[in-house]
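Okay, here's what each chain looks like letter by letter:
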Amino acid sequence: MAPVDIHELKAKAASGAKLTRPEELRLELMEKINALGVGAQGLGGLTTVLDVKVLDYPCHAANLPVALVPNCAATRHCHFHLDGSGPAKLDVPKLEDWPAVTWTPDLKAATQVNLNTLTKDEVAAWKPGQKLLLNGKMLTGRDAAHKRIADMLAKGEKLPVDFTNRVIYYVGPVDPVRDEVVGPAGPTTATRMDKFTRMMLEKTGLISMVGKSERGPVAIAAIKDNKSAYLMAVGGAAYLVAKAIKSAKVVGFADLGMEAIYEFDVENMPVTVAVDSSGTSVHETGPKEWQIKIGKIPVKA
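Here, residues in each chain are numbered from 1, in the same order as that chain's written sequence. Given that this is a predicted model, residues contribute local features only at a pLDDT of at least 70 and side-chain atom pairs are listed and counted only at 80 or more, while totals for whole chains, interfaces and linings are drawn from all residues. For side-chain calculations, the full set of non-hydrogen atoms in the structure is used, while hydrogens and water are omitted.

J.: How would you summarise the overall build of the protein chain if you had to cite specific residues and measurements?
T.: When helices and strands are tallied, the protein chain shows eight helices and seven strands. Along the first, second and third principal axes, the C-alpha set of the protein chain runs to 65 × 60 × 45 Å. A separation threshold of at least 6 residues defines the contact pool for the protein chain, and within that pool the share at least 24 residues apart is 63%. In short, Shrake-Rupley with a 1.4 Å probe defines the accessible areas, and a residue's cover is counted only from the protein chains shown. Carbon and sulfur atoms form 57% of the exposed surface of the protein chain, whose accessible area is close to 18300 Å². Every helix listed is a DSSP run of H or I at least four residues long, and every strand listed is a run of E at least two residues long, numbered separately from the N terminus. Contacts are assigned to residue pairs that have any heavy atoms within 4.5 Å of one another.

J.: Any details on the side chain of Thr197? Residues and values, ideally.
T.: By the element assignment, Thr197 lies in helix H5 (residues 194–203). A polar contact is formed between the side chain of Thr197 and the backbone oxygen of Met193, at a distance of 3.0 Å. Aside from chain neighbours lying at most four places away, what touches Thr197 is Tyr170, Met209, Arg215, Ala219, Ala222 and Ile223. We define a polar contact as two N or O atoms separated by no more than 3.5 Å, with the added condition that, inside protein, one atom must be a possible hydrogen donor and the other a possible acceptor, whereas residues neighbouring each other in sequence contribute only through side-chain atom pairs.

J.: Which residues make up the nonpolar core, and what are the values?
T.: We call a set of buried residues a nonpolar core when its members are Ala, Val, Leu, Ile, Met, Phe, Trp, Tyr or Cys and they connect through side-chain atoms within 4.5 Å of each other. Buried residues are those whose accessible area, probed at 1.4 Å on protein chains only, stays under 20% of the maximum for their type, while exposed residues exceed 50% and partly exposed ones sit between those limits. Counting residues in each nonpolar core, the largest one holds 29 residues, and the members touching the most others are Trp126, Leu134, Met138, Tyr169, Val210, Phe264 and Met269. Those elements that place two or more of their residues in this core are strand S2 (131–140), strand S3 (167–169), strand S5 (229–232), helix H7 (238–242) and strand S7 (261–275). Here this core gets six residues from one element, more than from any other, and that element is S7. Not counting residues within four places of it along the chain, the set of residues in contact with Tyr169 comprises Met138, Leu139, Thr140, Gly141, Ala185, Gly186, Pro187, Val210, Ala233, Val241, Phe264 and Met269. One finds Leu139, Leu201, Met209 and Val275 within the second-largest nonpolar core, a separate group that totals 28 residues.

J.: Can you explain H5? Please cite residues and give values.
T.: Asp194, Phe196, Thr197, Met199, Met200 and Leu201 are the residues of H5 that are buried. Phi for Gly205, located one or two positions after H5, is positive at around 90 degrees.

J.: An account of the environment of His79 is requested, with residue identities and associated values reported.
T.: Note on placement: His79 falls in the loop between helix H2 (21–35) and strand S1 (111–114). Residue classification places His79 among the exposed residues on the basis of a relative accessible area of 53%. Along the primary structure His79 and Lys212 are separated by 133 residues, whereas in three dimensions their C-alpha atoms are 29 Å apart.

J.: Pulling in residues and values, what's your account of the pairing of S5?
T.: What you see with S5 is no split at all: Ala229 and Leu231 on one side and Tyr230 and Met232 on the other are buried throughout. The pairing of strand S4 (residues 208–211) with S5 spans four bridges and is classified as parallel. By the bridge assignment, Ser208 is partnered in S5 with Ala229. DSSP bridges decide pairing: two strands pair if at least two such bridges lie between them.

J.: Run through helix H8 (residues 282–294), naming residues and quoting values.
T.: Taking 1.5 Å of rise per residue, the 13 residues of H8 would be expected to cover 18 Å, and the 18 Å separating its terminal C-alpha atoms lies within 8% of that figure. All of the buried residues along H8 are Val282, His283, Gly286, Pro287 and Gln291. Projection of H8 onto a plane perpendicular to its axis shows the buried side chains occupying an angular sector of 160 degrees, all on one side. Residues of H8 that are buried sit in contact with H2, S5 and S7. The first or second residue beyond H8 is Gly295, which carries a positive phi of 75 degrees. The span expected for a helix works out to 1.5 Å for each residue beyond the first. It is the directions from the helix axis to the C-beta atoms that the arc portrays.

J.: Pulling in residues and values, what's your account of a nonpolar patch on the surface?
T.: A cluster of nonpolar residues, Phe80, Leu82 and Leu90, forms a patch on the protein surface that exposes about 320 Å² of accessible area. Along the polypeptide, Phe80 turns up in the loop between H2 and S1. The patch calculation keeps residues exceeding 30% relative accessible area without a salt bridge and links them within 9 Å when they carry like charges or within 5 Å when they are nonpolar (Val, Leu, Ile, Met, Phe, Trp, Tyr). A side-chain nitrogen of Lys or Arg and a carboxyl oxygen of Asp or Glu constitute a salt bridge if their distance falls within 4 Å.

J.: Would you mind going over the side chain of Glu263 in detail, with residue names and values included?
T.: When you line up the elements, Glu263 lands in strand S7. With residues up to four places along the chain from it excluded, the contact list for Glu263 reads Lys137, Met138, Leu139, Arg166, Ser247, Ala248, Lys249 and Val251.

J.: How would you summarise the packing of aromatic side chains if you had to cite specific residues and measurements?
T.: Two rings from Phe, Tyr or Trp (for Trp, the six-membered ring) form a pair when their centres are within 6.5 Å of each other. A pair whose planes differ by under 30 degrees is stacked, one over 60 is edge-to-face, and the rest are tilted. Tallied over the full model, the rule gives two aromatic pairs. Ring geometry for Tyr169 against Phe264: centres 6.5 Å apart, planes inclined by 65 degrees, an arrangement best described as edge-to-face. Of this pair, Tyr169 sits in strand S3 while Phe264 sits in strand S7; the two residues are 95 residues apart in sequence, bridging distant segments of the chain. Note on Phe264: relative accessible area 1%, which makes it buried. Members of the aromatic cluster, each reached through a chain of ring pairs, are Tyr169, Tyr262 and Phe264. A cation over a ring is seen here: Arg148 above Phe253, with NZ or CZ 5.0 Å from the ring centre. Above the face of the Tyr230 ring, Arg215 is positioned so that its terminal group lies 4.8 Å from the ring centre. In this scheme, Lys NZ or Arg CZ marks a charge over a ring once it lies within 6 Å of the ring centre and within 35 degrees of the ring normal.

Here it is, written out as structure tokens:
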């Protein structure tokens, strides 16, 4: 994994030195990608990529193959080489090399929500981009649980839990260790649940969902039709998100392991309204606003 060194390439270009074609592509692609205004978490911003790598290989000219490999900025990896002399020995990272991460809920900028008394009218009143702090009991479920729910409903079978006026969190928590209530419990990508969204909203009584990333047209239409809302939790911060979970228990599909349905009791869990009851998605409006601010791509207002 090559280090982030685009700044060195920019300096080389600024000096007037001749660049190779792959080097030129790196700079061109970085400028054009950041001009899209996608930003962190897809919510709009100046920076979408921190670096771009280009590798070229000999091939038949008519093939013109291209492979794209997106890599998260929160890369976690280590390097070692097995040469047959014995096991690889890796140094344990020193915690003091990283700044201490602390977080406290912003009770002035965010709206506290009581999940235990939440109503459809409250959900319908949330606005795009609004910051919420969730408190109370929520259910969990991701790919396997949704598939089983769909199968059970198709057969007319009773579900193990009542989703009426409940919020579901798309997560498969890691097992707890020592005194943890639950292990890291970050959101999983919500688009994989898009095909189940209308079913969950119209056949189970569910009123809102929490996940990661954007929702597709099918899910947004279902959210709009049912005056629901989709909330986005912070991706890449599973350990910190888990700190908001004060208790956890399996309430359905225990055989699915980490993909079972849990009930979490959360306290000031931070989320953002990503799709509101009118179908407005901040993953669409945010980047468009930043494209206009950056001004390098023609945008229809």
